[in-house]
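Here's the letter readout for the chains.
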Amino acid sequence: MGAQSRIVVAVFAVLFSTLWVSPAEAAAAAAPKPKFDILEVLAGSKQESFSTFISLLNQTGLAKEINARNTITVLAVGDGAIGGLASKNLDRIKDILSTHVILDYYGVDKLLELSSKKNTTVTTMYQATGVADGMQGYLKIVVLPNQGPQLTERIRIGSAAKGAPIDIRLLHDSEVAFKKFDYVVHSISGVIFTPGIDGLTPPPTVAPAPTKPPVAPAPHHNTTTATPAPAPSPVDDDADYDTPTPGAAPAPAPVLSSPSESVDAPTADDTPATTTPPPSSSAIHISSNYIFTALIVVLVSSFASAGL
């Protein structure tokens, strides 16, 4: 091979090595550039420090998933309110932090438009994992009535799962950072508790003590022996029941000392005298028939003796 040929081959080799890219590099170049970097956004906060929150987003890989979204709301927890979240394993931390990322844009303007007459349920990134149980992947935003325009007083946030407290507040009336309709970051008062995700369940609700049915008044019977009144309860726990009041109670039945004093017994003035009862009407009718027959017999005997 001549000198010129070697020069041509060397030039082509240099051009090929310069222009050729690996498939991974080609895919990375073709992928759209994220609209934002949530780690940079949080690091640039001037309101408070989110260093632990940033570290956990990075360690769990959740930051990359957030950056891949077009529209997002992040409920960030500052270093002073994050508690012992970092002590849990990374899978558990990722699940918990996923409930702090709303798949929609909820800036200050949108929060101010929410009504206190109806709670707002929003979807989080935990719901997108496909492992959420029931309402674990949703948050509930509650607007307290009769409050001023400050979001720190009006808004309460919590998991929409059954038994979860709605007690998380916004710490500022303005956003930590935002880009209209792309991302918005709010600082909240603590880690959102979702039953079942962090291995804990809310304390069981204490069932109310069974109530005693109201004592019905004793039935009133017109008998010779009065029904005794029910004995009073030793504990006055039924003050709120609808039991009859002493003023409205029916009059007690009369107490009778003996059967002879019964209300239905005849009195001495009503007792008939011990005399022979008068003859009945049928007996009077029979007696008159005998008398009439005897008179006829006497008259016939008289006419016969007179020769008539």
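The text that follows walks through the structure, step by step, so that each part is easy to find. Remember, predicted model here, so these are calculated numbers, not experimental data.

## Details of the sheet that holds strand β1 (residues 72–77)
(1) Moving on: Strand order in the open sheet made by the 4 strands is β2-β1-β8-β7, with mixed pairing throughout. In this open sheet, the two strands that pair with only one neighbour each are β2 (101–102) and β7 (177–179).
(2) Moving on: Summarising the sheet, β7 and strand β8 (residues 183–188) pair through 3 bridges and their orientation is antiparallel. Looking across to β8, one finds that F178 is bridged to V184.

## Things to note about the pattern of salt bridges
(1) Moving on: Counted under the stated rule, the structure contains 5 salt bridges.
(2) Moving on: Its salt-bridge partner being K180, residue D109 comes within 3.6 Å of it at the nearest N-O pair. Here D109, found in helix α7 (residues 108–113), pairs with K180, found in the loop between β7 and β8; they are 71 residues apart in sequence, far enough to count as distant.
(3) Moving on: For K180, a relative accessible area of 43% puts it in the partly exposed group.
(4) Moving on: In this structure, a network of salt bridges that share partners links the residues K35, K179 and D182.

## Notes on empty space enclosed by the protein
(1) Moving on: In the structure shown here, the tally under the stated rule is 1 cavity of 30 Å³ or more.
(2) Moving on: Considered as a void within the structure, the largest cavity measures approximately 40 Å³ in volume.
(3) Moving on: As for the largest cavity, its lining consists of L75, I102, Y106, L111, I141, I157 and H186.
(4) Moving on: Across the lining of the largest cavity, the residue classes tally to 6 nonpolar, 1 polar and no charged.

## Thoughts on the packing of aromatic side chains
(1) Moving on: Overall, the coordinates contain 2 aromatic pairs when judged by the stated rule.
(2) Moving on: Their ring planes at 50 degrees and their centres at 4.9 Å tell us that F36 and Y183 sit as a pair that is tilted. Within this pair, whereas F36 is found in the loop between α2 (23–30) and α3 (38–43), its partner Y183 is found in strand β8, the two being separated by 147 residues in sequence.
(3) Moving on: Residue classification places Y183 among the buried positions, given a relative accessible area of 11%.
(4) Moving on: Above the ring of Y106, the side-chain terminus of K110 is found at 4.2 Å from the ring centroid.
(5) Moving on: Seen from the ring of F181, K180 lies directly overhead, with NZ or CZ sitting 5.3 Å from the centre.

## Describing the sheet that holds strand β3 (residues 120–123)
(1) Moving on: Spatially, 4 strands are ordered β3-β4-β5-β6 in an open sheet, and the strand pairing comes out antiparallel. Only two strands of the sheet have a single neighbouring strand rather than two, namely β3 and β6 (166–168). Averaged over neighbouring strand pairs, the angle between their axes works out to 40 degrees when direction is ignored.
(2) Moving on: Looking at chain direction, β3 and strand β4 (residues 138–143) are connected through 4 bridges and run antiparallel. Bridge assignment links T120 to a residue of β4, and that residue is I141.

Each value, and the rule that gives it
Residues numbered from 1 in each chain as written. Predicted model: local features only at pLDDT ≥ 70, side-chain atom pairs only at ≥ 80, totals over all residues. Heavy atoms only, no water. Pairing = 2+ DSSP bridges. Helix = DSSP H or I, 4+ residues; strand = E, 2+ residues; numbered from the N terminus. Salt bridge = Lys/Arg side-chain N within 4 Å of Asp/Glu carboxyl O. Buried < 20%, exposed > 50% of the residue type's maximum accessible area, 1.4 Å probe, protein only. 1 Å grid on protein atoms, 1.4 Å probe; cavity = no way out; pocket = protein on both sides within 12 Å on 5 of 7 lines; lining within 4 Å. Points joined across faces, edges and corners; volume = space filled by probe spheres on them. Nonpolar A, V, L, I, M, F, W, Y, C, P; charged D, E, K, R; others polar. Phe/Tyr/Trp six-rings, centres within 6.5 Å; stacked < 30°, edge-to-face > 60°. Lys NZ or Arg CZ within 6 Å of the ring centre and 35° of its normal. Axes fitted to C-alpha atoms, helices over the stretch in contact; angles between N-to-C directions.

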